[in-house]
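So the chains spell out like this:
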Amino acid sequence: MTKVIIGISGGVDSSVAALLLKEQGYEVEGLFMRNWDSTINNDFLGNPNLENDICPQEKDYNDAIEVCKKLDIPLHRIDFVKEYWDYVFEYFLSELKKGRTPNPDIMCNKYIKFDYFVKEAKRLGADYIATGHYAKMQDGFLFKAKDSNKDQTYFLSQLTKEQLNKALFPLGDITKEDVRKIAKDNDLITANKKDSTGICFIGERHFKEFLENYFKKEKGDIIDIVTNKKIGEHDGLMYYTIGQRKGLDIGGNKERLFVVGKNLEKNILYVSLGDDNSYLISNSCIITQVNFNCDIRPQKCTAKFRYRAPEYPVELEYINDDCILVKYNSIKAVTPGQACVLYFGDKCIGGGIIDEVRKNNEKLWYLL
């Protein structure tokens, strides 16, 4: 019998994924990962869970135990606290320090869920690993999930062909509504459990306070990029991202203010009025840390520049193996540090990290 080790998180998605695998005739075992320790990692400020009798991760583990009991499958547990810090959280902090906007979930998939997890699964005798991601593998390609609202191929864009070849995604052809119904019909404890939010494996935090555990506040000027006049003070460049309009605490304007840029050296946050102001617009970018999960190398395809953003038609100019110039018509708030994920029809073929943003072939001086 083919043995599958599935990542059981204590949430409804992985619970139903495990159930479906068992119904499909696989020998299924669960593996719960503990990747964050608030005490070791100095996670005190901004942590809403400190007064709870049990931390969310232990509650998740208890739910995972109940699910595996119900499904009559073994559950293993392993700690990747150090690995998560070394490969995901330090990257997250480093990018923030540079004034960029990182996506730790993508790096968590690359280094933890589909690397260290896989090594442990192999030690346990796995032929395949599985997760509760909304995505699907078909004919060696990574395809978008049936549920377009929940599709998570964006977060899998840094995985290699080798990593994906031994991965199963049981939720690829069903919707979130289906998942909830299956969980309820099978009386799983996670059926009505809220979806996890916040930073991957860390959870919900009061973001500014949370970052104060790791950064000193460095107040600086907020400058109107059009008038070059100071209109306020910011608490630290790492707290803001391009296109952000909430949390600026500046009143007195009929139009909404948006973050449009940063100057790390002078500790300046640039803002501009209006949702469609020209400072938010670019028409090309350079991506690095390029990864392709298949042999497709198109000249034209589509791309997503944020998880919840629409796909846009793009043209690719291959500079070298690790660098691509991505050209597009005017797009708003393309942000250094975020992922540019490439799609060829319904296939997610890979992507890279946005390193430089340009307009009319010139780097935007106000973006890092």
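In case you missed it, the structure is sitting above this.
Residues numbered from 1 in each chain as written. Predicted model: local features only at pLDDT ≥ 70, side-chain atom pairs only at ≥ 80, totals over all residues. Heavy atoms only, no water.

### Points about the pattern of salt bridges
As enumerated under the stated definition, the model contains 33 salt bridges in all. A salt bridge links Asp195 to Arg180; the shortest N-O distance between them is 3.2 Å. With Asp195 in the loop between helix H6 (176–185) and helix H7 (207–211) and Arg180 in helix H6, this residue pair connects regions lying 15 residues apart in the sequence. For Arg180, a relative accessible area of 19% corresponds to the buried category. Residue Asp235 pairs with Lys219 through a salt bridge whose shortest N-O separation is 2.7 Å. Taken as a pair, Asp235 in the loop between strand S9 (229–234) and strand S10 (257–263) and Lys219 in the loop between H7 and strand S8 (220–224) lie far apart in primary sequence, 16 residues in all. (Salt bridge = Lys/Arg side-chain N within 4 Å of Asp/Glu carboxyl O. Helix = DSSP H or I, 4+ residues; strand = E, 2+ residues; numbered from the N terminus. Buried < 20%, exposed > 50% of the residue type's maximum accessible area, 1.4 Å probe, protein only.)

### With respect to the environment of His234
Mapped onto the fold, His234 is located in strand S9. Assessed through its relative accessible area of 0%, His234 is described here as buried. Distance in space between the C-alpha atoms of His234 and Leu248 is 7.4 Å, their sequence separation being 14 residues. Dropping the residues within four chain positions of it, His234 is found in contact with Glu218, Lys219, Gly220, Asp221, Ile222, Tyr240, Asn267, Ile268 and Leu269. At 2.9 Å, the side chain of His234 and the backbone oxygen of Asn267 are in polar contact. (Contact = heavy atoms within 4.5 Å. Polar contact = N/O pair within 3.5 Å; in protein donor to acceptor, adjacent residues only side chain to side chain.)

### Observations concerning the sheet that holds strand S3 (residues 75–79)
Taken in spatial order, the 5 strands line up as S3-S2-S1-S4-S7 in an open sheet, and their pairing is parallel. Two strands lie at the open edges of the sheet, namely S3 and strand S7 (167–168), each paired on one side alone. With 2 bridges connecting them, strand S4 (residues 128–130) and S7 associate as parallel partners. Note that in S7 the partner of Ile129 across the bridge is Ala167. (Pairing = 2+ DSSP bridges.)

### Focus: the nonpolar core
Core analysis: the largest hydrophobic core is formed by 89 residues, its most contacted members being Tyr84, Phe89, Phe305, Val326 and Tyr328. In this structure Tyr84 touches Asn35, Trp36, Phe89, Cys108, Ile112, Ile199, Cys200, Phe201 and Ile202, once residues within four positions along its chain are discounted. Val12, Val28, Leu71 and Ile73 belong to the second-largest nonpolar core, a separate cluster that totals 28 residues. (Core = buried A, V, L, I, M, F, W, Y, C linked by side-chain atoms within 4.5 Å.)

### Description of the sheet that holds S10
Sheet architecture is open: 4 strands sit in the order S9-S8-S11-S10, paired in mixed fashion. Looking along the sheet, the strands with just one partner apiece sit at the ends: S9 and S10. Taking the axes of each pair of neighbouring strands and ignoring which way they run, one obtains an average angle of 35° across the sheet. (Axes fitted to C-alpha atoms, helices over the stretch in contact; angles between N-to-C directions.)

### Considering unusual backbone geometry
Here Phe201, not a glycine, exhibits a phi torsion of approximately 70°, which is positive. Here Phe201 lies in the loop between H6 and H7. On the basis of relative accessible area, Phe201 is assigned to the partly exposed category, the value being 24%.

### A few points about the side chain of Lys150
Locating Lys150 in the fold gives a position in the loop between strand S6 (141–143) and helix H5 (161–165). Lys150 sits in the buried class, given a relative accessible area of 15%. At 3.5 Å, the side chain of Lys150 forms a polar contact with the side chain of Asp195. Setting aside chain neighbours within four positions, we find Lys150 in contact with Tyr134, Lys176, Asp195 and Tyr307.

### Regarding the packing of aromatic side chains
The geometry of an aromatic ring pair is captured by two quantities: the separation of the ring centres and the angle between the planes. Counted by the stated rule, this structure contains 25 aromatic pairs. Between the aromatic rings of Phe89 and Phe210, the centroid separation amounts to 6.0 Å while the plane-to-plane angle is 65°, which identifies the pairing as edge-to-face. Within this pair, whereas Phe89 is found in helix H3 (residues 81–97), its partner Phe210 is found in helix H7, the two being separated by 121 residues in sequence. Look at Phe210 and you get buried, because its relative accessible area is 0%. With a centroid separation of 5.5 Å and an interplanar angle of 70°, the aromatic rings of Phe210 and Tyr214 are classed as edge-to-face. A single burial state applies to Phe210 and to Tyr214, both of which are buried. Taken together, the ring pairs in this structure connect Trp36, Tyr84, Trp85, Phe89, Phe92, Phe201, Phe210 and Tyr214 into an aromatic cluster. One cation-aromatic arrangement involves Lys144 over Tyr343; the distance from NZ or CZ to the ring centre is 5.2 Å. It is Lys347 that lies over the ring of Phe141; its NZ or CZ is 5.0 Å from the centre. (Phe/Tyr/Trp six-rings, centres within 6.5 Å; stacked < 30°, edge-to-face > 60°. Lys NZ or Arg CZ within 6 Å of the ring centre and 35° of its normal.)

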